[in-house]
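Coordinate inspection notes
Take a look at the letters that make up each chain.
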Amino acid sequence: MELETQKNRLIGELRQHGISERVLEAMRRIPRHLFVPEQELRDAYADYPLPIGWGQTISAPHMVAIMCDLLDIQDGMSILEIGAGSGYHAAVMGVLAGSGHVYTVEVIAPLASFARENLKKAGITNVTVVVEYGSLGLPRFAPYDRISVAAASPEILDTLTGQLKSNGKLVIPVGKNFQELYLVTKTNGLKKEAKGGVVFVPLVGKKGFPY
Ligand code: SAH
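Chains are numbered independently. Their residues run from 1 in the order of the written sequence. In keeping with the model being predicted, local features are shown solely for residues with a pLDDT of at least 70 and side-chain atom pairs are shown and tallied solely at 80 or more, while totals for entire chains, interfaces and linings include all residues. Each side-chain value is derived from all of the structure's non-hydrogen atoms; neither hydrogens nor water enter the calculation.

1. Some remarks on the pairing of strand β7 (residues 164-174)
Exposed residues in this analysis have more than 50% of their type's maximum accessible area, buried residues have under 20%, and partly exposed residues fall in between, with area computed by a 1.4 Å probe over protein chains only. Where helices and strands are cited, they refer to DSSP runs of H or I of at least four residues and of E of at least two residues respectively, numbered from the N terminus. For β7, the buried fraction is high: eight of the 11 residues fall into the buried class. A pair of strands is treated as paired once DSSP finds two or more bridges between them. As paired strands, strand β6 (residues 144-149) and β7 are joined by four bridges and run parallel to one another. Opposite Arg146, over in β7, you have Lys169 as the bridge partner. Here β7 pairs with strand β8 (residues 179-186) via six bridges, running antiparallel. Looking at the pairing, Ile172 lines up with Tyr182 of β8.

Shown next, in the form of structure tokens:
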């Protein structure tokens, strides 16, 4: 089956799962096959994670979709992602942010280069990939409207909530082997809502899990 047909089928499946039309449209704009290694091309539009090297994975499309919907990303927003991986999730958020900007932090330098190349191939110009321990956030471009964490964290990190604007939102998987996905909204305090069970690779380094 052609890649375009496979993509449309995937979008149809995600629609059945209740993903918003806005997020589906953003996902339709990004060719996921440009973000997977050559040997995974066949499965580029399958709804599960795929290996991208260095023991890491590109998240399943439905996970990207759910996290984007929870964050309610609007045009012009400034967004931080922790865990660039392939750059796919950042690309989708880049489309949703429109005139805004996405900063995505990756600790494995060759993966950051992979993400940059992929984003370039996809023609995405409003995403910046930074090599850094994102568990400490990215203070130099803070505060952010939205923060998306794509690796499992031991807790809701105050380094990250501290870099959110007022009314800002954070999604973060919390737990070791299995995680609960939390949506945190910063109003007067922090509103924390559990959104279901997920499985992510661990956030490593400071404030994360030991190697
Ligand atoms: N969002 C990615 C998938 C991320 S997988 C995509 O769309 O493809 C999680 C990534 O988080 C891995 O690439 C891993 O190297 C990275 N990571 C783990 N701990 C990190 C940390 N402390 N800071 C930055 N990146 C981290």
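So, next bit.
2. With respect to the pairing of β8
Hairpin connection between β7 and β8: a loop of four residues separates the two successive antiparallel strands, and Gly175 in this loop has a positive phi of roughly 140°. By the bridge criterion, seven bridges tie β8 to strand β9 (residues 190-198) in an arrangement that is antiparallel. By the bridge assignment, Leu183 is partnered in β9 with Glu193. Counted along the chain from β8 to the antiparallel partner β9, the turn is three residues long.

3. A closer look at the site of the ligand
In the neighbourhood of the ligand, 25 residues make up the surrounding shell, with Gly83, Ser86, Glu106, Gly134 and Val204 lying closest. What qualifies as a polar contact is a pair of N or O atoms within 3.5 Å, subject to a donor-acceptor requirement within protein and to the restriction that residues adjacent in sequence count only when both atoms come from side chains. Residue Gly83 places a main-chain N or O atom 3.0 Å away from a nitrogen atom belonging to the ligand. At 3.1 Å from an oxygen atom of the ligand is found a main-chain nitrogen or oxygen belonging to His89. Think of a 1 Å grid over the protein atoms and nothing else: a 1.4 Å probe that fits but is trapped marks a cavity, an open set flanked by protein within 12 Å on at least five of seven lines marks a pocket, and residues with an atom within 4 Å of a point count as lining. Cavity and pocket membership follows a simple rule, namely that a molecule belongs there if more than half of its atoms are within 2 Å of the grid points. Most atoms of the ligand, that is more than half of them, are within 2 Å of grid points of the largest pocket. Looking at the shell around the ligand, the elements with two or more residues in it are β2 (56-58), α4 (88-97) and β4 (101-106). For the shell around the ligand, the element with the highest residue contribution is β2, accounting for three residues. One heavy atom suffices: a residue is near a molecule or strand as soon as one of its heavy atoms comes within 4 Å of it.

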